[in-house]
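Analysis of the macromolecular model
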Amino acid sequence: MIEAIQKADVLIEAMGWIRQFRDKVTVIKLGGSVMEDDDALRHLLVDIVFMETVGMRPVVVHGGGAAISRAMAAAGLEARFVQGRRYTDPATLKIVEKVLAGEINESIAARIEEFGGRAMPLNFAGETDNNILYGEPITLTGDDGEPVDLGAVGHVTRVDRDVLDNLCYAGQVPVIPSMCVVDDGKPGAGGKLNVNADTAAMAVAQAMGAEKLVFLSDINGVRRDKNDPDSLIHSLDGAEARRLIASGAIEAGMIPKVEACLETLDKGVRKVHIIDGRLRHSLLLEIYTNCGVGTEIVSDPV
Ligand SMILES: Nc1ncnc2c1ncn2[C@@H]1O[C@H](COP(=O)(O)OP(=O)(O)O)[C@@H](O)[C@H]1O
Ligand SMILES: CC(=O)N[C@@H](CCC(=O)OP(=O)(O)O)C(=O)O
């Protein structure tokens, strides 16, 4: 640390990045897979507290797919996925709400506070309803061209941006679980829906006009061959991404992630990255240096 500080050029570079991102919103998506590694999660949450301390506006959207699958197995339920989305029947929905909107959401907020930050868990699971995501059910199209019923699975159509802006302005880190309430315009009406956390992060980044959206996963980025770390793609555009999805090189949970990245860029968020949350301080490296860890998703060339 002393040696690092004694290098004035390191400080000058860091000050430049801090100034550039002061007051700018960065949406950080914490994937369930990286949250399984407690040490990695601890470092990421410390990075988030650091960002808030130096005047950035971090907003956390989280999943928890692995923990949901574990809770389902304990309840004797089998997890089933279609194009990276969990089939969600009423029994599964109850588990998703308990694990995501309850346990994980509250625990992330509590740990941010433990590290000296201030955080606000935004869920509908507790006594106070702090939900800010509203949406509608989705239906996917299967390989045979027929619609696939996913149960209570939705996507976000509306984000209560004022709540988020106020929290960020007050120096609090909003912590948002990937569930939404059906937005049928009637207060108090509507059911709850399970939302893929990558698409929830995308909706929040778009609604806030975020400077950056960073997906933290358990892999070093998008790979040409998912089993070969050396096949990491540093910069991926839409055309190439669609080719890789069609060929099956991008599959499972990486499909909604890459689709969310592309849609986010289409809607005006400036930078979107998929990085390895297990790499120590990957978040700070991504934001405050030119190292370019992971995969940057870029718009198609015009
Ligand atoms: N082409 C690919 N490059 C990298 N990872 C891929 C690829 N195709 C599929 N994957 C899988 O996607 C996973 C990340 O998605 P997911 O498990 O949903 O992560 P998270 O829980 O972090 O959102 C990786 O662990 C990897 O197994
Ligand atoms: C509809 C749908 O698939 N919802 C996801 C929500 C959690 C999630 O996306 O978590 P990760 O980011 O850890 O994958 C699920 O039930 O697993």
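Residue numbering note: each chain is counted from 1, following its sequence as written. Chain labels run from A onward and ligand labels from 1 onward, assigned in the order the entries are written. Note on the predicted model: pLDDT of at least 70 is required for a residue's local features to be given, and 80 or more for side-chain atom pairs to be given and counted; whole-chain, interface and lining totals, by contrast, use all residues. Each side-chain value is worked out from all heavy atoms of the structure, with water and hydrogens disregarded.

1. Side note on the overall build of the chain
Each helix and strand in the chain was counted, giving 11 helices and 16 strands. Here the chain has a C-alpha radius of gyration of 19 Å; the compact-globule value for 302 residues is 19 Å, and the two agree. Put simply, the chain has 302 residues, and 50% of those count as buried. Contacts spanning at least 24 positions in sequence make up 71% of the contacts within the chain whose residues lie at least 6 apart. Areas reported here follow the Shrake-Rupley algorithm with a probe of radius 1.4 Å; residue values treat only the protein chains shown as occluding. Summing over all exposed atoms, the chain offers an accessible surface of approximately 14300 Å²; the carbon and sulfur share of this is 52%. Secondary structure counts use DSSP, requiring at least four H or I residues in a row for a helix and at least two E residues in a row for a strand, with both numbered from the N terminus. The globule rule used here is 2.2 Å times the number of residues to the 0.38 power, and the radius of gyration it is set against is calculated over C-alpha atoms. Burial classification: accessible surface area is computed with a 1.4 Å probe over protein chains only, and a residue below 20% of its type maximum counts as buried, one above 50% as exposed, and the rest as partly exposed. Contacts: residue pairs with any heavy atoms within 4.5 Å of one another.

2. Remarks on the nonpolar core
Here, nonpolar core refers to any group of buried Ala, Val, Leu, Ile, Met, Phe, Trp, Tyr and Cys residues whose side-chain atoms link them within 4.5 Å. Within the largest apolar cluster, 90 residues are counted, with the highest numbers of intra-cluster contacts made by Val27 and Leu30. In terms of residues, this core owes the most to one element, helix α6 (residues 90-114), which gives 10 residues. Residue contacts for Leu30: discarding those within four places in its chain leaves Met35, Leu41, Leu44, Leu45, Val60, Val61, His62, Gly63, Ile108 and Leu216. Within the second largest apolar cluster, 6 residues are counted, among which are Val82, Ile138, Val148 and Val153.

3. Focus: the UniProt feature "site: Transition state stabilizer" (unreviewed entry) in the chain
UniProt positions are given in the numbering used here, feature names are shortened, and annotations may be inferred rather than shown by experiment. With numbering matched to this structure, UniProt assigns "site: Transition state stabilizer" (unreviewed entry) to Lys29 and Lys257. These annotated residues cover 229 residues of sequence, and their C-alpha atoms all fall within 10.1 Å of one another, placing them together at a single site. When its relative accessible area of 5% is taken as the criterion, Lys29 is described as buried. Contacts of Lys29, omitting those with residues within four sequence positions, involve Val61, Gly63, Ala197, Asp198, Ala201, Val214, Phe215, Leu216 and Lys257. Structurally, Lys257 is set in helix α10 (residues 254-266). Relative accessible area serves as the criterion here: at 8%, Lys257 is assigned to the buried category. With residues near it in sequence (within four places) discarded, Lys257 still touches Lys29, Asp198, Phe215, Ser217 and Ile274. Any N or O atom pair separated by 3.5 Å or less is treated as a polar contact, with the protein-specific requirement of one donor-capable and one acceptor-capable atom, and with residues adjacent in sequence counted only for side-chain atom pairs. Side-chain polar atoms of Lys257 contact the side chain of Asp198, separated by 3.2 Å.

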